[in-house]
Amino acid sequence: MKKSMESNYEKGFQKKLKDEKLKDVVIDSIGKIARDQSYLVELHEENPKAAKFILEKYYDGMDIDQFKESI
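These numbers were taken from a predicted model, which means no experiment stands behind them.

A.B. asks: Looking at this model, I keep getting lost on the overall build of the chain. Mind explaining?
C.D. replies: When helices and strands are tallied, the chain shows four helices and zero strands. Along the chain, from the amino end to the carboxyl end, the secondary structure elements read α-α-α-α. Dimensions of the chain, computed from the C-alpha atoms along their principal axes, are close to 55 × 20 × 20 Å. Within the chain, the proportion of its 71 residues that are buried is 20%.

What follows is the structure, given as structure tokens:
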């Protein structure tokens, strides 16, 4: 049971760490995108999760292809 609890804790910790890293990338990218929207296309190539989050939150859920057409 102890190993199971440790494993669950480790999984939760790893998920939290990934979520924090994603949040940091999104926050760092927002300013760059505000200055140059084409940066979102670059971000999508480097970090699709972060780009998808930004598209869903700030661009009415459009996908990257729709975004490319809009700029």
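Having seen the model, we can carry on.
A.B. asks: Explain the packing of aromatic side chains here, please?
C.D. replies: Between two aromatic rings, the relevant description is the distance of the centres plus the angle of the planes. Tallied over the full model, the rule gives one aromatic pair. With 5.1 Å between their ring centres and 75° between their planes, Y59 and F67 make a pair best called edge-to-face. Across the pair, F67 and Y59 agree in class, each one buried.

A.B. asks: Just to check I follow, could you spell out the confidence of the model for the chain for this structure?
C.D. replies: Detailed conclusions should not be drawn from predicted coordinates in areas where pLDDT is low. Taken residue by residue, the chain gives an average pLDDT of 88. The fraction at 70 or more is 90%. Here helix α1 (residues 2–35) is the element of the chain with the lowest mean pLDDT, 82, and helix α2 (residues 39–46) is the one with the highest, 96.

The rules behind the values
- Residues numbered from 1 in each chain as written.
- Predicted model: local features only at pLDDT ≥ 70, side-chain atom pairs only at ≥ 80, totals over all residues.
- Heavy atoms only, no water.
- Helix = DSSP H or I, 4+ residues; strand = E, 2+ residues; numbered from the N terminus.
- Buried < 20%, exposed > 50% of the residue type's maximum accessible area, 1.4 Å probe, protein only.
- Phe/Tyr/Trp six-rings, centres within 6.5 Å; stacked < 30°, edge-to-face > 60°.
- pLDDT = per-residue confidence, 0-100.

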